[in-house]
Amino acid sequence: MEIDVSTERAGEIDVQALAIPFFKGETAEGEFTSQLDEATKNLIRSTVESEELTGKEGEMVYLYLGANNGEAKGARPQRLLLIGAGEREEYKAAHASNLAGAAARFLRGKNVKSIGFMPRGGGSNGKASDGEAASFISAAVEGVTLGMFDTDKYRTSDREERIIERLVIIDAGDGDAGREAAQRGRVVGEAVNFARDLANEPGLYMTPTIMAERAQGIADEYKLEIDVLDHERMEAEGMGALLGVARGSTEPAKLIVLKYTPEGYEAKEGEPLLALVGKGLTFDSGGISLKPGENMEQMKYDMCGGAAVLGAMRAIAQLKPSMPVLGVVPSSENMPDARAIKPGDIVRAMNGKTIEVINTDAEGRLILADAMGYAKKLGATHIIDLATLTGAVVVALGDVNVAVLGTDQKLINDIIAAGTEVGEKYWQLPLDKEYSKQIKSDIADLKNIGGRKGGTITAAAFLKEFAEDTSWAHLDIAGTAWSDDAKPHRAKGPTGIAVRMLVNLVERYARDGMK
């Protein structure tokens, strides 16, 4: 998709359709809307006065303005899509992203090939301030990019073949900052879609080996350091927890390590290193503690945490923040082979702690334990792990919020704030020491489940044993990693949750520092 930024008036943009947010309570007499009304020969006024358009969030009014007589530059768009943006005071860049995605999906359905989108802003006159403009433009491009993703790549018929070939973002500024922001939006949007594509692959086409190959492709294209540990090297590191999970599969486990280092960067003693650790369970049958057959096909999504880390590293490599970042993805399958670990078995993690396996379906925390240990060995001072870890989080928070827990309150607060800016919701759950009592084993240091009570919290309490004194936060994305229903701005299926938050967080830390 070609992406342009234009400083021309909205009615003069050379596109087939123009999409514009419309605020609740806005009238045809406003400075902006009166200009638009004039350009559309009073269509805005008649639409508002008939109350067909009220500005309610998500509302859409599609107007056909007539042919442009084949003219190019200066010809007004043939179609206008007005999208309800809700209350002006509540309108943020994240809203612009969703509205842009919804507009793109709607107009693609009308076989429109080129669209213009005016992000507008939350100011009193409906325009973004200088400080807001870049974030609104970036978010709008991001939203359109995300809106173009579909999960039908393996269909041989009834595929969505219509595409948006050209997107023009209307910038009220001078255009230079807008073009830079648009490029950032493209990079982040494509990174999220990269993660969604990984997650969408069935287990047959997304094994640990293939996941490592996809990571190698990122490293080659965007000049990241990469190291992939095989069975022999993991065994030498003492990663009995990760390798224990992989025992039941014929597919060998991999530990994928990507590192971004800014050009010319020289590490100083005591300088922080952030590690992003993502669960890469490419298929989870539950192992000997076999899952029910119903909906087991969704367990191809058990690597969404790892996919998000790869997507984030892909974007970070292109955006080039001024701080180094480590990405670690433990990848394996969990299968019920004759060699698979059994309930009651004991495995030893990289840090020497022994774990009694009560339930083989609580495998994600096992592979994360060794991945976190290896991240610490590589010098990580701050760790964010993310995983589709527990069904309990779906019960607790549904598909709206990601659960966040950890030992560093500042890190947790920063994650929540970075998520809010990009339209992702994170809700902190407690991690009191009393929860750790539920995972104490009679015959080993730990057991891998803590019973029915507080399942999301006890899973985090388990991981805390491997974060030890490292600054650490855990994200349980099991309820948000995929959606069973389509949204106006997004197809059903994998969401790419946390990619945007992680990129935003790294940019904030690069700008303001981590300490």
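See above for the structure.
Criteria and cut-off values
Residues numbered from 1 in each chain as written. Predicted model: local features only at pLDDT ≥ 70, side-chain atom pairs only at ≥ 80, totals over all residues. Heavy atoms only, no water. Helix = DSSP H or I, 4+ residues; strand = E, 2+ residues; numbered from the N terminus. Buried < 20%, exposed > 50% of the residue type's maximum accessible area, 1.4 Å probe, protein only. Contact = heavy atoms within 4.5 Å. Areas by Shrake-Rupley, 256 points an atom, 1.4 Å probe, with all protein chains shown as cover. Lys, Arg positive; Asp, Glu negative; His and termini not counted. Charge placed at Lys NZ, Arg CZ, Asp CG, Glu CD. Pairing = 2+ DSSP bridges. Axes fitted to C-alpha atoms, helices over the stretch in contact; angles between N-to-C directions. Parallel < 35°, antiparallel > 145°, perpendicular 65-115°, else oblique. Left-handed = near helix turned anticlockwise from the far one by under 90°. Nonpolar A, V, L, I, M, F, W, Y, C, P; charged D, E, K, R; others polar. Core = buried A, V, L, I, M, F, W, Y, C linked by side-chain atoms within 4.5 Å. Phe/Tyr/Trp six-rings, centres within 6.5 Å; stacked < 30°, edge-to-face > 60°. Lys NZ or Arg CZ within 6 Å of the ring centre and 35° of its normal. Right-handed = clockwise from strand over helix to strand, strands pointing away.

## A few points about the overall build of the protein
In step 1: In terms of regular secondary structure, the protein is built from 14 helices and 20 strands.
In step 2: Across the 515 residues in the protein, those meeting the buried criterion constitute 57%.
In step 3: Within the protein, contacts between residues at least 6 apart in sequence are counted, and of these 78% link residues at least 24 apart.
In step 4: Accessible area for the protein stands at about 21500 Å²; split by element, carbon and sulfur atoms hold 47% of it.
In step 5: The centroid of the 60 positive side-chain charges in the protein is displaced by 2 Å from the centroid of its 78 negative side-chain charges.

## Examining the sheet that holds strand β5 (residues 114-117)
In step 1: The six strands lie next to each other as β1-β6-β5-β2-β4-β3, forming an open sheet whose pairing is mixed. Only two strands of the sheet have a single partner each, and these edge strands are β1 (2-6) and β3 (60-64). Adjacent strand axes in the sheet meet at a mean angle of 20°, parallel and antiparallel pairs treated alike.

## A look at the packing of helix α5 (residues 176-200) against helix α9 (residues 304-319)
Relative orientation and spacing of two packed helices are given, respectively, by the angle between their axes and the distance between those axes.
In step 1: Contact geometry of α5 with α9 gives a least axis separation of 8 Å together with a crossing angle of 155°. In terms of axis orientation, α5 runs roughly antiparallel to α9. Considering only the axes of α5 and α9, their crossing is right-handed. Residues R184, V187, V188, E190, A191, F194, A195, L198 and A199 of α5 form the contact with α9, whose own contacting residues are C304, A307, A308, L310, G311, R314, A315, Q318 and L319.
In step 2: By residue class, the composition of the contact of α5 with α9 is 13 nonpolar, two polar and three charged.

## Comments concerning the nonpolar core
When a protein is soluble and globular, its nonpolar side chains tend to lie buried together.
In step 1: Grouped together as the largest cluster of nonpolar side chains are 65 residues, with contacts concentrated most on L276 and L475.
In step 2: For this core, the element with the most residues is α9, which contributes 10 residues.
In step 3: Not counting residues within four places of it along the chain, the set of residues in contact with L475 comprises I384, D385, L386, A387, V402, A403, V404, I415, Y426 and M501.
In step 4: Counting 53 residues, the second largest nonpolar core, distinct from the first, contains V277, L281, I341 and L366.

## Let's talk about the packing of aromatic side chains
In step 1: A full pass over the atoms with the stated rule returns six aromatic pairs.
In step 2: Taking the centre distance of 5.1 Å and the plane angle of 80° together, the rings of F23 and Y91 count as edge-to-face. Within this pair, whereas F23 is found in the loop between β2 (17-22) and α1 (31-39), its partner Y91 is found in the loop between β4 (79-84) and α3 (93-109), the two being separated by 68 residues in sequence. By the burial criterion, F23 is buried, and Y91 matches it.
In step 3: Grouping aromatic residues by their ring pairs yields a cluster made of F23, Y91 and F136.
In step 4: Across from the ring centre of F466, 5.9 Å away, lies the NZ or CZ of K353, which sits over that ring.

## Details of the pairing of strand β15 (residues 401-406)
In step 1: Counting buried positions along β15 gives six out of six residues, so the element sits mostly inside the fold.
In step 2: Burial of the side chains of β15 extends over both faces: N401, A403 and L405 are buried on one face and V402, V404 and G406 on the other.
In step 3: Strand direction decides the pairing type here: β15 and strand β16 (residues 425-428), joined by four bridges, are parallel. Paired with N401 across the bridge in β16 is K425.
In step 4: Crossover connection from β15 via helix α12 (residues 409-422) to parallel β16: handedness right-handed.
In step 5: In terms of strand pairing, β15 meets strand β18 (residues 471-476) through four bridges, oriented antiparallel. Residue pairing in the sheet places L405 in a bridge with H474 of β18.

## Re the sheet that holds strand β13 (residues 354-356)
In step 1: In spatial order, the strands read β12-β13-β17; together these three strands make up an open sheet with mixed pairing. Looking at the sheet topology across the chains shown, the edges are occupied by β12 (346-348) and β17 (446-447).
In step 2: Looking at chain direction, β12 and β13 are connected through three bridges and run antiparallel. Paired with R348 across the bridge in β13 is T354.

Treat this as a map of the structure, not an account of what it does.
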